[in-house]
Amino acid sequence: MPAVLEIEGLRKTYKSRRRGTRNALDGFDMRVDAGQVHGFLGPNGSGKTTTLRTLLGLIRPDGGRMALLGHEVPDALPTVAGQVGAIVESPQFFPHFTARDTLSLLAGAGEVPAVRVDEVLELVGLRDRSGERVKTYSLGMKQRLAVASALLKNPKLLILDEPANGLDPGGIREMRTLMRTLAESGMTVVLSSHILGEIQLICDSVTIISLGRRVAFGPVDEVLAQHSSGAVRIRLEAVSDLPLATETLTQAGIRVTGHPDHLMLAGVDKPASVTRLLAEKNLYVSELAPIAVDLESVFLELTATAPVPGQHRQVDESMKVGGTGQPGPAGGGWGA
Amino acid sequence: MSLFRTELRRLSKRRFTRYMTLLGLLVLAAVVVGVFFTNQKIDAGQLAQAERQADQQYQEQVRWSEQERAACEQAKTAGTATDGRYPDDCSMITAPSRDQIEASWFLPSTFDFKETFAETLIPFAAILALVGFVIGASFVGAEWSTGGMMNLLLWRPKRLTVLLTKLAALLTGILAVTLPAAVLWFAGFWAVANFRGSTEKMTSGVWQSFLLTGVRGVVLVLVLTTIGFALASLGRHTAMALGGVVAVMVVGQFGLGILLSMASVRFAEAWLLPTYALAWMTKTVTLQDWNSCNATYYGECKPATMDITWQQSSILLSVGVVVVLGAALWAMRRRDIS
Ligand SMILES: Nc1ncnc2c1ncn2[C@@H]1O[C@H](COP(=O)(O)OP(=O)(O)O)[C@@H](O)[C@H]1O
Ligand SMILES: [Mg+2]
């Protein structure tokens, strides 16, 4: 599958006279294949918006290369801009124009036929309110308008930065359906978000970013499989055998967490080996269940942003790949 | 071309543009109406009456100066101290000659097209230049501050093209208001002169000179519009451009004026921007230095003068536009947009 979006080693440093420099992007890589809905995940301040801005030529990178639809950007941006619809960060529009005027001016600037304006207004559900000034819109309505403006070009690649922001549950669900429909019609959608349930539901693949570097990527199920970290729950026929089982398994190099009526194991490659080890000691397993992980736990683990009781996590305290000091096991997780 | 047309549409859709234009045109109309009502036609009777009043004034002056001379000589011969009331030489007290008292002083104000029209082009240019400046600043400033510029750049990534097209649309819009307004201004004052003054002695040379002044006025409007646009684009905010210009005008110009006069710098006005705008419109502004004295053959004392010409002003305006617009374009190319 051809790559619609490619980023390699992207770096962006913000310099401020007072606060010194900040590496918002620190050698970030990303790849999105055609026809996918791709989730772009990361905690606040991890560099999602910076990545998208750089990609769209709004800010200048300090290093690395990027390509959109097979063209190197920013040089080829004028060529590809007509095929890339995007919203970046919170939607902003001139507040005194109506939604229709706003879209019609964009359509004029981009040489898009005027009928398209009505089509996209219908698509995002703003048809009946399109004659009102944007100033009077709610956040969710502005978000819909932003999506409409991105769809106006009928793009090959749609980039949405936190599109679910401010949407009501119905709106989120509609957005989800819309994304799927668009993807089925052949559009590639890149979706930045921190609402993980959403991403897991609609995305084919994900890229997870933390402190300006990629920490995981690939199809959703692969990422989940890679990071399920072999967590297994076992129960024995007799609860009194649990201490012996703990000892046996620990000796075999498996990390064990004891619970009153069961054990949690981590780092198990083949569940069968657990059964064999215990059977050798005449311990009989009554239940052996690999624990399914969800994207949220993987995200929390990879970015080390799981909440720790009694601590207030600050925005930049997240996982740094290749940095010093691996974070400890995420609270309530299954250890790394 | 589509971008240009779109920007023109955006400009005319904005309420600020509409209100400011309307306000500017209303002020211009008020000036014409005001001039119309404060002037009147002079007929032969009024002229004769004014001549009589001038005669009368002359007679009074003569009488008064003779009285004073007599008093002076009397005081001299009596030897009483006059504490400087009279000159040493009593013959110096003379009446003005008849031709120094003009009949026109006794006439109500009248609008002579040939004499007065050129002056009216100065407020015309000034008002429209102000309107252009404010509209230009708000047009691009609001785009920056509301994120509209960012949205547009997602569609048209060539930043310089976008900014220059916006400027071109703005100047076209301003010109589309200024040119008809100028025609109406000419027509309005022609009518005023017809009904409340005179349109006599208009030669083609005079027309040509008026036309050139009008063209210079339009250029001034476009220059100030461009500067307002460029300043607001640099500051990314309308308020910045307006605040900036207020700061320059008030603090810079007033302060500088006060400072220069305290330091008794010669030709202090030569350092003030409005002098150059005036010189641009009137072709020359002659500054005088009242502290100096150039004796003439007649023993009079003439102040030293300095001419500021429209050519000098044109250099100043060009440099201003190039520097401010250049900076705005450079910033547009370089900066991160967030
Ligand atoms: N204009 C800026 N100047 C300085 N720092 C910035 C700027 N924009 C973003 N940053 C910093 O860069 C980092 C990444 O920000 P961003 O890409 O907006 O994160 P997010 O993933 O939440 O979208 C943050 O630490 C942020 O503070
Ligand atoms: Mg963001």
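Residues numbered from 1 in each chain as written. Chains lettered and ligands numbered in written order. Predicted model: local features only at pLDDT ≥ 70, side-chain atom pairs only at ≥ 80, totals over all residues. Heavy atoms only, no water.

Some thoughts on the overall build of chain B
No. 1: Helix and strand counts for chain B come out as 10 helices and four strands.
No. 2: For chain B, the succession of helices and strands along the chain, N to C, is α-α-α-β-α-α-α-β-α-α-α-β-β-α.
No. 3: Relative to a compact globule of 338 residues, whose C-alpha radius of gyration would be 20 Å, chain B shows 28 Å and is clearly more extended.
No. 4: Expressed as a percentage of the 338 residues in chain B, the buried residues total 39%.
No. 5: Long-range contacts, defined as pairs at least 24 residues apart, comprise 76% of the intrachain contacts of chain B with a sequence gap of at least 6.
No. 6: Put simply, chain B shows about 18,600 Å² of open surface, and 64% of that area lies on carbon and sulfur atoms.
No. 7: Of the charged side chains in chain B, 29 are positive and 23 negative, and the gap between their average positions amounts to 25 Å. (Helix = DSSP H or I, 4+ residues; strand = E, 2+ residues; numbered from the N terminus. Rg over C-alpha atoms; globule rule 2.2 N^0.38 Å. Buried < 20%, exposed > 50% of the residue type's maximum accessible area, 1.4 Å probe, protein only. Contact = heavy atoms within 4.5 Å. Areas by Shrake-Rupley, 256 points an atom, 1.4 Å probe, with all protein chains shown as cover. Lys, Arg positive; Asp, Glu negative; His and termini not counted. Charge placed at Lys NZ, Arg CZ, Asp CG, Glu CD.)

A few points about the site of ligand 1
All names here are of chain A.
No. 1: The full set of residues close to ligand 1 is Y14, R22, A24, P43, N44, G45, S46, G47, K48, T49 and T50.
No. 2: Within the side chain of R22, one N or O atom sits 3.4 Å away from an oxygen atom of ligand 1.
No. 3: In the environment of ligand 1, an oxygen atom lies 2.6 Å from a nitrogen or oxygen atom belonging to the side chain of T49.
No. 4: Considering ligand 1 on its own, with 560 Å² of exposed area, one finds that the protein chains cover 67% of that surface.
No. 5: When contributions to the shell around ligand 1 are tallied by element, the ones reaching two or more residues are strand 2 (20-33) and helix 1 (48-55).
No. 6: Sorting elements by how many residues they give to the shell around ligand 1 places helix 1 first, with three residues.
No. 7: Here the residues of the shell around ligand 1 are counted per class, giving three nonpolar, six polar and two charged. (Near = heavy atom within 4 Å. Polar contact = N/O pair within 3.5 Å; in protein donor to acceptor, adjacent residues only side chain to side chain. Nonpolar A, V, L, I, M, F, W, Y, C, P; charged D, E, K, R; others polar.)

A word on helix 1 (residues 2-13) of chain B
No. 1: The end-to-end C-alpha separation of helix 1 of chain B is 16 Å, in line with the 16 Å expected for 12 residues at 1.5 Å each.
No. 2: Considered for burial, the residues of helix 1 of chain B that qualify are S2, L3, F4, T6, E7, R10 and L11 of chain B.
No. 3: Elements that come into contact with the buried residues of helix 1 of chain B comprise helix 3 (99-109) of chain A together with helix 2 (15-38), helix 4 (113-146), helix 5 (148-155) and helix 6 (159-196) of chain B. (Expected span 1.5 Å × (residues − 1).)

With respect to the packing of helix 6 of chain B against helix 10 (residues 310-334) of chain B
All names here are of chain B.
No. 1: At a minimum axis distance of 9 Å, the contact between helix 6 and helix 10 shows a crossing angle of 140 degrees. Considered as vectors, helix 6 and helix 10 are oriented oblique to each other. Considering only the axes of helix 6 and helix 10, their crossing is right-handed. Residues R159, L160, L163, L164 and L167 of helix 6 pack against L325, A328, L329, M332, R333 and R334 of helix 10.
No. 2: Its residues assigned to classes, the contact of helix 6 with helix 10 comprises eight nonpolar, no polar and three charged. (Axes fitted to C-alpha atoms, helices over the stretch in contact; angles between N-to-C directions. Parallel < 35°, antiparallel > 145°, perpendicular 65-115°, else oblique. Left-handed = near helix turned anticlockwise from the far one by under 90°.)

A short note on the sheet that holds strand 4 (residues 63-68) of chain A
All names here are of chain A.
No. 1: Reading across from one edge, 2-1-4-5 is the order of the four strands in this open sheet, with antiparallel pairing throughout. Two strands bound the open sheet, and with one partner strand each, they are strand 2 and strand 5 (71-73). Between one strand and the next, the sheet's axes are offset by a mean angle of 30 degrees, whatever the strand orientation.
No. 2: Bridge analysis of strand 1 (residues 3-16) against strand 2 gives 11 bridges, and the strand direction is antiparallel. In the sheet register, A3 faces strand 2, and the bridge partner there is D33.
No. 3: Along the sheet, helix 1 contacts strand 1, strand 2, strand 4 and strand 5; its crossing angle with strand 1, the most-contacted strand, is approximately 110 degrees. (Pairing = 2+ DSSP bridges.)

Digging into the interface of chain A and chain B
Bring the parts together and some accessible area is lost; that lost area is often taken as the interface size.
No. 1: The interface is formed by 32 residues belonging to chain A together with 27 residues belonging to chain B.
No. 2: Overall, the association of chain A and chain B removes approximately 2,600 Å² of surface from exposure, summing both partners, and the carbon and sulfur fraction of that is 59%.
No. 3: On the chain A side of the interface with chain B, the three residues burying the most area are L58, F94 and L105 of chain A, jointly 23% of the side's total.
No. 4: On inspection of chain A and its partner chain B, the count reaches two salt bridges.
No. 5: D101 of chain A is the partner of K13 of chain B in a salt bridge, and the nearest nitrogen-oxygen pair spans 3.3 Å.
No. 6: At the junction of chain A and chain B, the tally comes to 16 residue pairs in polar contact (both at pLDDT 80 or more).
No. 7: Contributions of two or more residues to the side of chain A that touches chain B are made by strand 1, helix 2 (77-80) and helix 3 of chain A.
No. 8: If you tally residues by element for the side of chain A that touches chain B, the top one is helix 3 of chain A, at six residues.
No. 9: Residue classes in the side of chain A that touches chain B are distributed as 18 nonpolar, seven polar and seven charged. (Buried area = accessible area lost by both parts, 1.4 Å probe. Salt bridge = Lys/Arg side-chain N within 4 Å of Asp/Glu carboxyl O.)

Describing the environment of R11 of chain A
All names here are of chain A.
No. 1: With respect to the helices and strands, R11 occurs in strand 1.
No. 2: The class of R11 is partly exposed, set by a relative accessible area of 37%.
No. 3: Linking R11 and H227, residues 216 residues apart in sequence, is a C-alpha distance of 27 Å.
No. 4: Those residues in contact with R11, other than ones at most four positions away along the chain, are L25, D26, G27, P61, D62 and G63.

With respect to the pairing of strand 8 (residues 188-193) of chain A
Residues and elements named next belong to chain A.
No. 1: Of all the six residues making up strand 8, six are buried; the element is thus mostly covered by neighbouring parts of the structure.
No. 2: Two strands pair when backbone bridges link them, and strand 7 (residues 157-161) and strand 8 are joined in this way by five bridges, in the parallel orientation. In the strand pairing of strand 8, L160 is matched with L191.

Observations concerning the sheet that holds strand 3 (residues 37-41) of chain A
Residue and element names in this part refer to chain A.
No. 1: Read across the sheet, six strands follow the order 6-7-8-3-9-10 without closing on themselves; strand pairing throughout is mixed. Of all strands in the sheet, those with a lone pairing partner are strand 6 (84-87) and strand 10 (213-219), marking the two edges. Mean inter-strand twist for the sheet, computed between neighbouring axes without regard to direction, equals 15 degrees.
No. 2: In this sheet, strand 7 lies alongside strand 6 in parallel orientation, the contact comprising four bridges. Bridging from a neighbouring strand, G85 pairs with L158 of strand 7.
No. 3: In the packing of helix 5 (residues 139-151) onto the sheet, contacts are made with strand 6 and strand 7, and the angle to strand 6 comes to roughly 165 degrees.

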